[in-house]
Amino acid sequence: MSSVSKLLRSSSKGQLTYSRKFDNNQLREELDLLSSPPLSRPHQEKNRSLNESFGLESPSFTLQDFTDKSGSLTDDSNTKTQSKLSFRSIAQALSDLDDEIEKSNPSKEDVFDTSLPVKSCQSPDVNTSILSSTSPSSQPKKQATSCPVSPQFGITTSAILDEEAVWGSIAQLRVLKRSMQFDDHERALSFLMKSKEEELERKINRMVECREGRVKQKQDECLAATQSKLQRLKEDHVKHHKKIHTRQQEIARHKEQLEEEARRRREQELAKFNEWKALVGDIQSNRDIFAQTLNGCAVKDRLPDKVEKYQNVLDKVCAHLTQKLSSGATSSVTDEQLAKAREDKEKSHQVVLILKKCIVDAEEKKKSEDAQKEQETKKKEEEKKLEAEAAQDLGVQSLAYVLNEFTIKYKLLSEVDKTAQAFISNTDMKKFRFDLQRAVNTPINAISPVSGSHLKDKLRRLHALLTGQLVEVGNKQVSLNNSQEGKIFCENLVAKMLVKKGEEQVTSNHESAYAIAAVIVGLWVEIPIVGDLFLAHLQAFCPYILPLYNTRQEGQSTEDYHRSLGYKIMEDNSVEEQDKFLHRMSGLMHLYCACMVTSPLPKGPQTQHPLGVHNAWMWLARTLNMEPQPDVTASMVYDVLFVTGHFLFLEYKIQFVKLLHILYKQYLPKLKSVSVTKSTVGRLEIFLESALQNNGKIEPPKGLLPPNFLLS
């Protein structure tokens with residue numbers, strides 16, 4: 001099927017564009033295959049009435065019906081022609097149709113100019129021109145020729161040609177009708193679109209008006225809400241001002257109340273001060289009466305001592321009150337001060353009465369007192385002695401001893417440091433000082449209990465250096481004969497390095513303390529200043545060997561306070577951890593006690609130990625007379641008993657057992673009450689129980705050197 005036929009069959013009305021350009025042969029071929037477009041029922045009825053008015057029926061034949069295979073007309077075709085179609089009626093109908101067309105379209109040339117623009121053309125390459133080339137007005141009519149076909153049918157050649165013209169006119173009619181239908185459709189569509197546009201415009205206008213109305217309504221609502229909110233804010237502002245005014249009135253009333261209270265308080269303070277001043281005057285008056293009565297007494301020497309005490313107390317109280325009164329510090333007298341003044345007044349009055357009574361009694365018993373003078377004198381002496389003994393506090397006494405020793409060692413260390421500092425700051429002695437340091441550090445770092453000869457060699461080298469002998473250091477020899485400051489520097493350095501070695505080595509291995517103690521005691525016997533400096537440095541690192549529990553002084557920083565207790569302060573100013581601190585203090589105490597139980601080399605029959613085991617007994621006695629410190633006291637007591645317990649039992653026997661009982665029964669509960677970690681106190685408790693079960697016998701400490709170890 002051709003493209004035009006496809007478009008006509010598949011397109012709806014008004015979708016094709018027609019023009020006058022058209023191929024006659026192509027039209028004939030397509031019209032043979034073309035069927036009329038489907039019409040609605042009104043259109044079909046209208047079309048049927050038009051055909052009936054023309055005297056036409058729907059043709060159901062072609063030119064082939066009139067010819068046979070050879071192209072000549074047959075009898076059957078003639079019969080069909082006569083039965084179905086009357087050419088005269090067809091010509092008449094066409095003539096009438098042309099007249100109607102001419103009436104509606106005055107110009108014949110424009111009859112078939114029915115090209116209408118279509119809004120959407122699916123195939124632009126299809127030529128949809130219609131029938132302008134086959135218009136009867138444009139083609140000359142063919143002259144009929146006398147070419148009879150068959151006389152019996154009466155059909156000539158001109159009739160056949162007229163049939164073709166009829167079919168052409170019919171095609172033109174159909175096309176014209178279709179074109180008119182398209183025109184109507186286009187006009188209806190244009191009218192409909194215009195109506196829709198107008199309706200849409202009216203609808204848009206209504207929407208705009210509605211929108212403007214809603215906007216105006218919204219604006220009115222917002223304005224009303226704003227005004228309402230503004231009104232509420234004004235009301236709140238008024239309320240707030242009322243509250244402020246009320247609050248100001250309350251503040252003013254409260255201020256008046258405070259002023260009234262302050263006034264009453266000042267009046268009360270003034271009344272108290274006046275009363276207190278009067279009481280002070282009464283006390284001073286009683287003191288004057290007491291002094292006058294005492295001075296005018298004939299038996300003054302026979303009055304009891306308490307009279308003199310009363311006088312001293314009265315003098316002190318009056319002097320104190322007079323000083324306060326003159327300094328103006330009593331402008332605000334408290335109830336406690338007022339009560340104290342009343343009590344002092346009453347006491348001063350009672351003292352005056354007591355004095356008078358004592359004078360009367362002294363005068364009455366003057367004769368009997370003379371007889372008993374000797375007995376009373378003895379009694380007074382005994383009372384004084386008892387009072388002195390009762391006033392003496394063992395803890396204060398122990399602390400006094402400890403502070404005295406600490407002061408002595410601190411002064412010694414300060415003097416030595418001052419002398420050594422001059423030697424250290426001397427740049428000319430830098431190389432010599434370096435050689436001395438090597439001569440000290442090398443043997444001290446090599447101390448170990450390998451053998452007696454090894455330990456004795458290290459002791460000999462240190463002794464030779466400190467006594468001014470030549471000592472080999474590297475490839476040279478040094479001596480201290482010509483430098484007194486260098487000698488003090490070496491003595492201080494030896495003591496300090498021995499303490500430092502004990503701090504570093506004994507803390508991790510307690511058994512190594514006895515080899516170091518052997519060197520310390522050996523030098524101590526030969527050079528006592530080394531032992532004193534050793535104790536001074538040891539006290540600086542571990543004040544608990546005295547024992548000394550430093551308290552925090554006023555204005556003392558936290559770092560300085562912890563340093564005084566033996567703690568180390570790190571670079572970030574943090575304090576040493578408690579476990580490490582206890583281990584380090586335990587190592588230093590172990591070294592201190594090891595010096596007590598280590599035997600020195602015998603120099604003669606009267607060689608004495610510079611730090612005997614009696615120092616352990618003294619340390620325990622001092623500790624028992626002082627209040628314990630958390631953890632560190634329990635650790636120090638354990639170390640002292642562990643190292644020196646065996647020797648204390650051999651020295652003091654039953655007295656040491658009594659000391660252990662006191663430790664276990666009385667002092668151990670105090671240690672438990674202040675302990676932070678239970679392990680330290682628990683270890684001491686187990687040790688004391690084991691020692692008491694063995695009647696005070698304690699095994700010698702592990703690592704202790706034999707008495708003749710240095711002689712081997």
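Structure's up top.
To start, this report covers the structure provided alongside it. Computed from a predicted model, the values in this text were never measured in an experiment. (Residues numbered from 1 in each chain as written. Predicted model: local features only at pLDDT ≥ 70, side-chain atom pairs only at ≥ 80, totals over all residues. Heavy atoms only, no water.)

**Structural notes on the overall build of the chain**
Helix and strand counts for the chain stand at 22 helices and two strands. Counting every position in the chain, which comprises 712 residues, the buried fraction comes to 34%. With the model as given, the accessible surface of the chain reaches about 44,500 Å², and the carbon-plus-sulfur share is 52%. (Helix = DSSP H or I, 4+ residues; strand = E, 2+ residues; numbered from the N terminus. Buried < 20%, exposed > 50% of the residue type's maximum accessible area, 1.4 Å probe, protein only. Areas by Shrake-Rupley, 256 points an atom, 1.4 Å probe, with all protein chains shown as cover.)

**What about the packing of aromatic side chains?**
Counted by the stated rule, this structure contains 11 aromatic pairs. A ring pair is formed by F423 and F489, whose centres lie 5.2 Å apart and whose planes are at 45 degrees; its orientation type is tilted. A residue pair is termed long-range when its members are at least 10 positions apart, and F423 in helix α11 (residues 394-425) and F489 in helix α14 (residues 484-506) qualify at 66 residues. Both residues of the pair, F423 and F489, belong to the buried class. With 5.9 Å between their ring centres and 45 degrees between their planes, Y544 and Y549 make a pair best called tilted. The pair formed by Y544 and Y549 is uniform in burial state, with each residue classed as buried. Following the ring pairs from residue to residue traces out a cluster consisting of Y544, Y549, Y567 and F581. Looking at K653, its charged tip hangs above the ring of F649, at a distance of 5.6 Å from the centre. Sitting over the ring of Y638, R683 keeps its end group 4.1 Å from the ring centre. (Phe/Tyr/Trp six-rings, centres within 6.5 Å; stacked < 30°, edge-to-face > 60°. Lys NZ or Arg CZ within 6 Å of the ring centre and 35° of its normal.)

**With respect to the state of the cysteines**
All told, the structure shown has zero disulfides when counted by the stated rule. With no disulfide partner, C542 has as its closest neighbouring cysteine sulfur the one in C593, 9.7 Å distant. Judged by relative accessible area, C542 falls into the buried class, the value being 0%. (Disulfide = S-S within 2.5 Å.)

**Remarks on a negative patch on the surface**
A grouping of D305, E308, E381, E382 and E383 is seen on the molecular surface, where their side chains present a negatively charged patch. Put simply, the parts of the chain that give the negative patch at least two residues each are α7 (305-327) and α10 (373-391). Ranked by residue count, the leading element in the negative patch is α10, at three residues. With respect to the element layout, E381 can be found in helix α10. (Patch = residues over 30% accessible without salt bridge, like charges linked within 9 Å, V, L, I, M, F, W, Y side chains within 5 Å. Salt bridge = Lys/Arg side-chain N within 4 Å of Asp/Glu carboxyl O. Lys, Arg positive; Asp, Glu negative; His and termini not counted. Charge placed at Lys NZ, Arg CZ, Asp CG, Glu CD.)

**Topic: the nonpolar core**
Membership of the largest hydrophobic core comes to 102 residues, with the highest contact counts inside it found for F534 and L641. Aside from chain neighbours lying at most four places away, what touches F534 is A495, L498, V499, I520, W524, L591 and C595. With 13 residues, the next largest nonpolar core counts V307, V351, L355 and C358 among its residues. (Core = buried A, V, L, I, M, F, W, Y, C linked by side-chain atoms within 4.5 Å. Contact = heavy atoms within 4.5 Å.)

**Here's the deal with the pattern of salt bridges**
Oppositely charged side chains are able to pair whenever their charged atoms sit close together. Applying the stated criterion across every chain yields a total of 19 salt bridges. For D457, the salt bridge goes to R460, with nearest N and O atoms at 2.7 Å. Of this pair, D457 and R460 both sit in helix α13 (residues 452-466), three residues apart, which is roughly one turn of the helix.

**Digging into a nonpolar patch on the surface**
Nonpolar side chains collect at one region of the surface, where L200, I204 and V208 lie side by side and expose about 250 Å² of accessible area between them. As for its placement among the helices and strands, I204 is situated in helix α6 (residues 157-295).

**Some words on unusual backbone geometry**
Peptide bonds are trans in most cases, and residues, glycine excluded, mostly fall at negative phi. At the junction of L546 and P547, the peptide bond is cis and its omega measures out at -5 degrees in the coordinates. Not every positive phi belongs to a glycine, and K653 is a case in point at roughly 55 degrees. Phi is positive for N695, which is not a glycine, with a value near 60 degrees. Within the secondary structure, N695 sits in the segment after α22 (678-693).

**Description of the packing of helix α15 (residues 513-526) against helix α16 (residues 528-541)**
At a minimum axis separation of 5 Å, α15 and α16 run at an interaxial angle of 130 degrees. Classified by the angle between their axes, α15 and α16 sit oblique to one another. Across from I520, L523, W524 and E526 in α15, the residues of α16 making contact are P528, V530, G531, D532, F534 and L535. Residues that form the contact of α15 with α16 fall into these classes: seven nonpolar, one polar and two charged. (Axes fitted to C-alpha atoms, helices over the stretch in contact; angles between N-to-C directions. Parallel < 35°, antiparallel > 145°, perpendicular 65-115°, else oblique. Nonpolar A, V, L, I, M, F, W, Y, C, P; charged D, E, K, R; others polar.)

**Here we look at the packing of α13 against α15**
Close contact between α13 and α15 brings their axes to 10 Å; oriented N to C, the two are set at 35 degrees. In this structure, α13 meets α15 at a crossing whose hand is right-handed. Facing L455, L459, L462, H463 and L466 of α13, the residues of α15 in contact are A515, A518, V519, G522, L523 and E526. Within the contact of α13 with α15, the residues separate by chemical class into eight nonpolar, two polar and one charged. (Left-handed = near helix turned anticlockwise from the far one by under 90°.)

**Thoughts on helix α18 (residues 578-597)**
An ideal rise of 1.5 Å per residue puts 28 Å on 20 residues; α18 measures up with 29 Å between its terminal C-alpha atoms. Along α18, 16 of the 20 residues are buried, which leaves the element largely enclosed by surrounding structure. (Expected span 1.5 Å × (residues − 1).)

**Looking at the environment of E651**
Looking at where E651 falls in the secondary structure, it is placed in helix α20 (residues 632-652). Judged by relative accessible area, which is 53%, E651 ranks as exposed. Spatially, the C-alpha atoms of E651 and W617 are 9.9 Å apart, while their sequence positions differ by 34 residues.

**Details of a positive patch on the surface**
Side chains of K196, R202, K203 and R206 sit close together on the surface and give a patch of like positive charge. Position of R202 relative to the elements: it lies in helix α6.

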